[in-house]
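# Observations on the three-dimensional arrangement
Chain by chain, the residues:
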Amino acid sequence: MLWNTAQFDSLIERTEKFARKHPNLYRLQVALFALLGYGYLLFMLVFLLSPAILVLGLVILKQPFNIWAWFYVIIISFPGVQFAIGTLPALLRNSSPIYGKCLSRSQFPKLFSLIDELQVKVKVTSLKKVLLTAEFNASIIQAPRLGIFG
């Protein structure tokens, strides 16, 4: 389905109204969508690797060495291993570091007082760093230390 700009703007407007009217329900919906995405990835990983694990178990339990059995393990496990190689590093790695000039509270007291006001209004924890980047853009980045696990 192709969306034009008016449809997209309408969707964003409805979503913003809903988020303002029901903030806790909106947070719950976002959390559930995130869990659904991670659950899908986990399901696919288990689904694609389970035949390989089953055949590997059967090969190990069968005492005589059979080259064809190991060939089947490799062939069956190929899609799952490829999926794991492509998915797991993306889920577990840290985001790339952001470079810029670190600003301090003593250098820019007005900026930091504005940041403090925004933190109270938005109800977020204190910021670790304030960086001035080459883009001169105002944004907040939360970089988890352990990928999807925080």
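Residues numbered from 1 in each chain as written. Predicted model: local features only at pLDDT ≥ 70, side-chain atom pairs only at ≥ 80, totals over all residues. Heavy atoms only, no water.

## Digging into the overall build of the protein
Test applied: A run of H or I in DSSP becomes a helix once it reaches four residues, and a run of E becomes a strand once it reaches two; helices and strands are each numbered from the N terminus. Burial status follows relative accessibility: with a 1.4 Å probe on protein chains alone, a residue under 20% of its type maximum counts as buried, one over 50% as exposed, and anything between as partly exposed. We call two residues in contact whenever any of their non-hydrogen atoms come within 4.5 Å of each other. Exposure was quantified through the Shrake-Rupley algorithm and a 1.4 Å probe, taking into account, for residues, occlusion by the shown protein chains and nothing else.
Within the protein, the regular secondary structure consists of four helices and two strands. Residues classed as buried in the protein amount to 13% of the 150 residues present. Partitioning the intrachain contacts of the protein with sequence separation of at least 6 by distance along the chain shows that 60% fall at a separation of at least 24. About 12,900 Å² of surface is accessible on the protein, with carbon and sulfur atoms providing 69% of the total.

## Comments concerning the confidence of the model for the protein
The following threshold applies: Values of pLDDT, which run from 0 to 100, indicate the predictor's confidence residue by residue.
Of the residues in the protein, 83% reach a pLDDT of 70 or more, and the chain-wide mean stands at 79. Looking across the protein, the model is least confident in helix α3 (residues 67-92), with a mean pLDDT of 75, and most confident in helix α1 (residues 5-21), with 90.

## Quick look at the environment of K101
Summarising the element assignment, K101 is placed in strand β1 (residues 101-102). Here K101 falls in the partly exposed class, since its relative accessible area comes to 46%. When near neighbours in sequence (up to four residues on either side) are disregarded, K101 contacts Q107, V130, L131 and L132.

## Points about helix α4 (residues 109-122)
What counts here: The span one expects for a helix is its residue count, reduced by one, times 1.5 Å. What the arc describes is the spread of directions from the helix axis to the C-beta atoms.
For α4, with 14 residues, the first-to-last C-alpha span of 20 Å sits near the 20 Å given by 1.5 Å per residue. F112, I115 and Q119 are the residues of α4 that are buried. All buried residues of α4 fall inside an arc of 55° around its axis, so they share one side. Along α4, exposed side chains directed more than 90 degrees from the buried face belong to K110, V120 and K121. K123 lies just past α4 and shows a positive phi near 60°.

## Focus on the packing of α1 against helix α2 (residues 23-61)
Short version of the rule: As a rule, the C-alpha atoms of each element are fitted with a line to give its axis, helices using only the stretch in contact, and angles between N-to-C directions run from 0 to 180 degrees. Convention used here: angles under 35 degrees read as roughly parallel, angles over 145 as roughly antiparallel, angles from 65 to 115 as roughly perpendicular, and any remaining angle as oblique.
Remark: α1 packs on α2, axes separated minimally by 5 Å, with the N-to-C direction vectors making an angle of 120°. Relative to α2, the element α1 lies oblique. Every residue of α2 that contacts α1 at T15, F18, A19, R20 and K21 is listed here: P23, L25, Y26 and Q29.

## Points about α1
Test applied: Pairs of N or O atoms within 3.5 Å make up the polar contacts considered here, provided that, within protein, one atom can donate a hydrogen while the other can accept it, and that residues adjacent in sequence are counted only when both atoms are side-chain atoms.
Between its terminal C-alpha atoms α1 stretches 24 Å, which fits the 24 Å expected from 17 residues at 1.5 Å a residue. The backbone nitrogen of A6 lies 3.1 Å from a side-chain oxygen of the residue at the head of α1, namely N4.

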